[in-house]
Amino acid sequence: MSKQSQLNEIAAEITQCVKCPLANSRNNTVPGSGNPEADILFVGEAPGQKEDEQGIPFCGAAGKFLDEMLYTIGLSRDQVFIANTLKCRPPENRDPEDSEKQACRPYLDKQVEVIKPKLIVCLGRHSVANFMPGAGGISKLHGKAVRRPNGQVYLALYHPAAALHNGGLRSTLIEDFKKIPAILNKI
Ligand code: URA
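Keep in mind the model is a prediction, meaning the values are calculated, not measured.

Visitor: An account of helix α5 (residues 98-115) is requested, with residue identities and associated values reported.
Guide: With 18 residues, α5 extends 25 Å from end C-alpha to end C-alpha; this agrees with the ideal 26 Å at 1.5 Å per step. Bending of α5 peaks at approximately 40 degrees at the position of C104, with proline P106 no more than four residues after it. Where α5 ends, the next residue or the one after it, K116, has phi of about 50 degrees, a positive value.

Visitor: Let's hear about the pairing of strand β3 (residues 81-84): which residues, and what values?
Guide: The two faces of β3 match: F81 and A83 on one face and I82 and N84 on the other face are all buried. Here strand β1 (residues 33-34) pairs with β3 via two bridges, running antiparallel. By the bridge assignment, S33 is partnered in β3 with I82.

Visitor: Residue-level account of unusual backbone geometry, with values.
Guide: Phi at F58 takes a positive value of approximately 45 degrees, unusual for a residue other than glycine. Counting through the fold element by element, F58 comes out in the loop between α3 (49-54) and α4 (61-72). Located in the positive-phi region is N93, a residue other than glycine, with phi close to 60 degrees. By the secondary structure assignment, N93 is in the loop between β3 and α5. Taking the relative accessible area as the measure of exposure, N93 reaches 43% and is therefore partly exposed.

Visitor: Residues and numbers for the site of the ligand, please.
Guide: Around the ligand sit G44, E45, A46, E51, P57, F58, N84 and H159, and that is every residue in its neighbourhood. With respect to the ligand, the backbone of A46 contributes an N or O atom lying 3.1 Å from a nitrogen atom. Between the ligand and the protein, one listed contact pairs a nitrogen atom with a side-chain N or O atom of N84 at 2.8 Å. In isolation the ligand has 240 Å² of accessible area, and contact with the protein removes 91% of it. Here the shell around the ligand is composed, by residue class, of three nonpolar, three polar and two charged.

Visitor: Break down the packing of aromatic side chains for me, citing the residues and quoting the values.
Guide: Within this structure, the stated rule accounts for two aromatic pairs. Look at F42 and F177: their rings are 5.8 Å apart centre to centre, the planes differ by 10 degrees, and that puts the pair in the stacked class. Note that F42 is positioned in strand β2 (residues 40-44) and F177 in helix α9 (residues 167-177), a separation of 135 residues in sequence. Its relative accessible area of 0% is what places F42 among the buried residues. Exposure remark for F177: the relative accessible area of 0% places this residue in the buried category. An angle of 35 degrees between the planes, with centres 5.4 Å apart, marks the rings of F131 and Y154 as tilted. With F131 in helix α6 (residues 125-131) and Y154 in strand β6 (residues 153-157), the pair connects residues that are 23 residues apart, well separated along the chain. Y154 carries the same exposure label as F131, and that label is buried. Looking at K19, its charged tip hangs above the ring of Y107, at a distance of 4.5 Å from the centre. The residue whose ring lies beneath R170 is F65, and the NZ or CZ to ring-centre distance is 4.5 Å.

What counts, and where the lines are drawn
- Residue numbers here run from 1 along each chain, matching the order of that chain's written sequence.
- Only residues with pLDDT of at least 70 are given local features in this predicted model, and only at 80 or more are side-chain atom pairs given and counted; all residues enter the totals for whole chains, interfaces and linings.
- Here the side-chain values reflect all heavy atoms present in the structure, with hydrogen atoms and water set aside.
- Every helix listed is a DSSP run of H or I at least four residues long, and every strand listed is a run of E at least two residues long, numbered separately from the N terminus.
- One less than the number of residues in a helix, times 1.5 Å, gives the span that helix is expected to have.
- One axis is fitted to the seven residues ending at the residue and one to the seven starting there. The bend at that residue is the angle between these axes.
- Here the term buried applies to any residue with accessible area under 20% of the maximum for its type, exposed to any over 50%, and partly exposed to those in between, with areas from a 1.4 Å probe on protein chains only.
- The criterion for strand pairing is that DSSP finds at least two bridges linking the strands in question.
- It suffices for a single heavy atom of a residue to lie within 4 Å of a molecule or strand for the residue to be listed as near it.
- The definition of a polar contact used here is a pair of N or O atoms within 3.5 Å, where within protein one atom must be able to donate a hydrogen and the other to accept one, and adjacent residues in sequence count solely through side-chain atom pairs.
- To be clear on the numbers: accessible area is Shrake-Rupley with a 1.4 Å probe, and residue cover counts the displayed protein chains and nothing else.
- Under the grouping applied here, Gly and all other residues not named as nonpolar or charged are polar, the nonpolar ones being Ala, Val, Leu, Ile, Met, Phe, Trp, Tyr, Cys and Pro and the charged ones Asp, Glu, Lys and Arg.
- Note on aromatic contacts: the rings of Phe and Tyr and the six-membered ring of Trp form a pair at centre separations within 6.5 Å, being stacked when their planes are under 30 degrees apart, edge-to-face when over 60 apart, and tilted otherwise.
- A ring is considered to have a charge above it if a Lys NZ or an Arg CZ atom is located within 6 Å of its centre and within 35 degrees of its normal.

Okay, structure coming up:
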């Protein structure tokens, strides 16, 4: 089965998911989108209002910023894959709860297994905590690629939504983002 078909199957499963209470408040699931053959998988936190309305990850203001940063390194959305730690929107965009992250984790793991990205870029502290438990906080980890014991290479970045409203974080994120091509070259 092609990678696209396998990802479609995972997305279909997510659409039916009732493993946590977010199933009751969502309008749409947001499984993720992009190129199944991507070298880079971006993983954010959770869908926001726009994403919940459209079923597409990072389709609001943070997504526009992400697209701009991709452009600066010569990439577009259709060359990468973009997903989230949670596939459904938490009410009022509150932080994901541990039980929700646990319930949702198998979907992300399956996506990683199918895509087999060279690099997983963790956007924000929830994504970092998900993939690099015990490694430290994002203020220490951001901008440095690490190969974890499972062999996978990860890069922690500040979340584009957090950086949108904070000039300092914004310039740090832009600088960190520019390291992606060199990191990828070395893998
Ligand atoms: N923030 C996220 O973490 N994910 C999205 O899809 C949109 C905003």
